[in-house]
Amino acid sequence: MNTSTETLKTNPSCLMVWLIGLPLAAGLWFLAYWHLGDFADWTISVLGLTRDTHLGEAVHFFAYDTPKVFLLLIGVVYLIGVIQTFFSPERTRALLAGKRLGIGNTLAALLGIVTPFCSCSAVPLFIGFLSAGVPLGVTFSFLISAPMVNEIALALLLGLFGWKIAALYLVTGLAVAIVAGLVIGRLGMERHLQDWVREIHAGNAAPTTGDQLSWEDRLRGGLHHVKEIVGKVWPYIIVGIGVGAAIHGYVPQDFMASIMGKDAWWSVPGAVILGIPMYTNAAGIIPIVEALIGKGAALGTTLAFMMSVIALSLPEMLILRKVLKLPLIATFVGVVGTGILLVGFLFNAVL
Amino acid sequence: MKNIKVLGTGCANCKTTLRLIEEAAKAKGIEVELEKVEDLPQIMSYGVMSTPGVVVDGKVVHAGGIPSKDAIGNWLEDPNP
């Protein structure tokens, strides 16, 4: 009890710090964002390089993209971090329990973006949802959307491809999650859950947090989220942008057009299959993908590759194996894979 | 003596949580019975959906993410957490 009265007393002054500090930080953020090009130009001039050389072009790419991606990552992850303090897995489960297919799937896919989710909790979450009466198909919509449409992927796409592609990824990712969940729900595959899973009826809900948080707690929660996420993914981003920079500077123009271009019909299924055994996060893969697009790879093919890497991965399937029998896993891979294929073909056809 | 269980399937956060509780107990000189529960059906029987979860004397006190130092201190010292 002691600690809670103390925080109540110090609350007003601390909130003031946040109210002054946040706009200040936002101002600095915008200032830095507008001068990204200057910084990259300055970097190569200090190194005595020009953009006419391969090395100069690669270094410029790196010096421009790295700060840009990190600025966007910090901004987006902070916002989502604050929003996530309003949603706990328990609350999401309560919102989804007993919802019918269709509306439930849409809600589940949307909640997948804002519910705090760690892939190591996927299995407990899965069982927790089912045992509380969330239909299997709705649960799958959540499980597909939560890792695929995440703030890291969105921030990187925003930074490297612009808002249109980020929005496309968001909408199509949600669509794949909703439709795949609907199909799995329609197939009535409940009997392909492992037996012990079906026997669990967790009636007692775990403690809910998130209702009694103050604004200060939420603002601090966002900062905590930034520390956790950026602290975890920064090496992947640096390596990813480094590889991207090398591709950008050294790989000949249109090199990728023959393998990953629009005209190669087999490139989309190829990209999906290639993506399954690859287990990296969005942070590492997106900068490389951006460089490939610059060399003539088609957007639909690359989007399909990205989604496959993030949403379908072997390690995740091994974990799911503990709760799902093989036919259900095969269905999951088949349905999600087909959805991603369609997204790939659609974008290659439209753009 | 208190019985503290850390529920988790072996992710990095779960291990960190276990270590933090161990260190805090040692620093305060409090003896605790610390257990790590990795068996999924057993974890689920506590109704925990996000790991790591912490159970003190049979009661779930935490779920999801690494607990704060203050929270750990409370679990160790409070007679009825």
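Residues numbered from 1 in each chain as written. Chains lettered and ligands numbered in written order. Predicted model: local features only at pLDDT ≥ 70, side-chain atom pairs only at ≥ 80, totals over all residues. Heavy atoms only, no water.

Asker: Explain the overall build of chain B residue by residue, including any values.
Answerer: A tally of helices and strands in chain B yields 3 helices and 4 strands. In chain B, which comprises 81 residues, the proportion classed as buried is 46%. Per element, the accessible surface of chain B, about 3,900 Å² overall, is 47% carbon and sulfur. (Helix = DSSP H or I, 4+ residues; strand = E, 2+ residues; numbered from the N terminus. Buried < 20%, exposed > 50% of the residue type's maximum accessible area, 1.4 Å probe, protein only. Areas by Shrake-Rupley, 256 points an atom, 1.4 Å probe, with all protein chains shown as cover.)

Asker: Can you tell me about the overall build of chain A, naming the residues and giving the values?
Answerer: A count of helical and extended segments in chain A gives 17 helices and 0 strands. Taking all 351 residues of chain A together, 50% fall into the buried category. Partitioning the intrachain contacts of chain A with sequence separation of at least 6 by distance along the chain shows that 84% fall at a separation of at least 24. For chain A, the accessible surface area stands at approximately 16,500 Å², while carbon and sulfur atoms represent 71% of it. (Contact = heavy atoms within 4.5 Å.)

Asker: I'd like to hear about the pattern of salt bridges, residue by residue, with values.
Answerer: Residue and element names in this part refer to chain B. Overall, the coordinates contain 2 salt bridges over all chains when judged by the stated rule. Between Glu23 and Arg19 there is a salt bridge whose closest N-O contact spans 3.2 Å. Of this pair, Glu23 and Arg19 both sit in helix H1 (residues 12-28), 4 residues apart, which is roughly one turn of the helix. With its nearest N and O atoms 3.3 Å apart, the salt bridge here joins Lys36 to Glu38. (Salt bridge = Lys/Arg side-chain N within 4 Å of Asp/Glu carboxyl O.)

Asker: Tell me about helix H9 (residues 163-186) of chain A, and name the residues and values.
Answerer: With 24 residues, H9(A) should cover 34 Å at 1.5 Å per step; its first-to-last C-alpha distance of 34 Å lies within 8% of that length. Gly188(A) sits one or two positions beyond H9(A) and adopts a positive phi of about 55°. (Expected span 1.5 Å × (residues − 1).)

Asker: So, the interface of chain B and chain A: which residues are in play, and what are the values?
Answerer: Contacts between the two partners involve 16 residues from chain B, matched on the other side by 19 residues from chain A. Summed over both partners, the interface of chain B with chain A comes to about 1,500 Å²; 68% of that surface belongs to carbon and sulfur atoms. It is Leu40(B), Met44(B) and Met49(B) that lose the most area in chain B upon contact with chain A, and together they represent 47% of the buried surface on that side. Applying the counting rule to chain B against chain A returns 0 salt bridges. (Buried area = accessible area lost by both parts, 1.4 Å probe.)

Asker: Tell me about helix H11 (residues 215-250) of chain A, and name the residues and values.
Answerer: With 36 residues, H11(A) extends 49 Å from end C-alpha to end C-alpha; this agrees with the ideal 52 Å at 1.5 Å per step. Bending of H11(A) peaks at approximately 45° at the position of Val233(A), with proline Pro235(A) no more than four residues after it. (Bend = angle between axes of the 7 residues up to and from the residue.)

Asker: Go over the environment of Glu216(A) with me, naming the residues and quoting the values.
Answerer: Residues and elements named next belong to chain A. One can find Glu216 in helix H11. Relative accessible area serves as the criterion here: at 7%, Glu216 is assigned to the buried category. Between the alpha carbons of Glu216 and Trp18 there is a distance of 7.4 Å; along the sequence they are 198 residues apart.

Asker: Please set out the sheet that holds strand S2 (residues 32-37) of chain B residue by residue, giving values where relevant.
Answerer: Residues and elements named next belong to chain B. Across the sheet, 4 strands lie side by side as S2-S1-S3-S4; this open sheet has mixed pairing. Edge positions in the sheet fall to S2 and strand S4 (59-63), since each of these pairs with one other strand and no more. The sheet shows a mean angle of 20° between the axes of neighbouring strands, taken without regard to direction. Judged from the 4 bridges that link them, strand S3 (residues 53-56) and S4 form a sheet pairing that is antiparallel. Bridge pairing in S4 places Val55 opposite Val60. On the sheet, H1 packs against strand S1 (2-7), S2 and S3 and is oriented at approximately 175° with respect to S2. (Pairing = 2+ DSSP bridges. Axes fitted to C-alpha atoms, helices over the stretch in contact; angles between N-to-C directions.)

Asker: Mind laying out the environment of Glu77(B), listing which residues take part and the relevant values?
Answerer: All names here are of chain B. For Glu77, the position within the fold is in helix H3 (residues 69-77). Sequence separation between Glu77 and Ala25 is 52 residues; the distance between their C-alpha atoms is 9.4 Å. Here Glu77 is in contact with Lys2, Lys28 and Ile30, once residues within four sequence places are set aside.

Asker: How would you summarise the nonpolar core if you had to cite specific residues and measurements?
Answerer: Nonpolar side chains in soluble globular proteins generally cluster together in the buried interior. Membership of the largest hydrophobic core comes to 96 residues, with the highest contact counts inside it found for Leu73(A), Phe126(A), Tyr169(A), Ile237(A), Ile286(A), Leu324(A) and Phe332(A). Every residue in contact with Ile286(A), bar those within four places of it in the chain, is listed here: Ala153(A), Leu156(A), Leu157(A), Leu160(A), Phe161(A) and Met306(A). Counting 12 residues, the second-largest nonpolar core is a separate cluster that includes Ile4(B), Leu20(B), Val56(B) and Trp75(B). (Core = buried A, V, L, I, M, F, W, Y, C linked by side-chain atoms within 4.5 Å.)

Asker: Explain the packing of aromatic side chains to me, using residue names and the numbers behind them.
Answerer: All names here are of chain A. Counted under the stated rule, the structure contains 8 aromatic pairs over all chains. When the ring of Trp29 is compared with that of Phe30, the centres are 5.1 Å apart and the planes differ by 80°; the resulting orientation is edge-to-face. Through successive ring pairs, a cluster of aromatic residues spans Trp29, Phe30, Tyr33 and Trp34. Sitting over the ring of Phe86, Arg218 keeps its end group 3.9 Å from the ring centre. (Phe/Tyr/Trp six-rings, centres within 6.5 Å; stacked < 30°, edge-to-face > 60°. Lys NZ or Arg CZ within 6 Å of the ring centre and 35° of its normal.)

Asker: Outline a nonpolar patch on the surface, listing residues and values.
Answerer: All names here are of chain A. On the surface, Phe39, Trp42, Val46 and Leu47 cluster together into a nonpolar patch covering about 440 Å² of accessible area. Topologically, Trp42 is positioned in helix H2 (residues 36-46). A relative accessible area of 52% means that Trp42 is categorised as exposed. (Patch = residues over 30% accessible without salt bridge, like charges linked within 9 Å, V, L, I, M, F, W, Y side chains within 5 Å.)

Asker: For the pairing of S3(B), give the residues involved together with the corresponding values.
Answerer: Residue and element names in this part refer to chain B. Side chains of S3 alternate between two faces, with Gly53 and Val55 and Val54 and Val56 buried alike. Across 4 bridges, the pairing between S1 and S3 is antiparallel. Pairing of Leu7 across the sheet is with Gly53, part of S3. Between S3 and S4, which pair antiparallel and follow one another directly, the connecting turn spans 2 residues, one of which, Asp57, has a positive phi of 45°.

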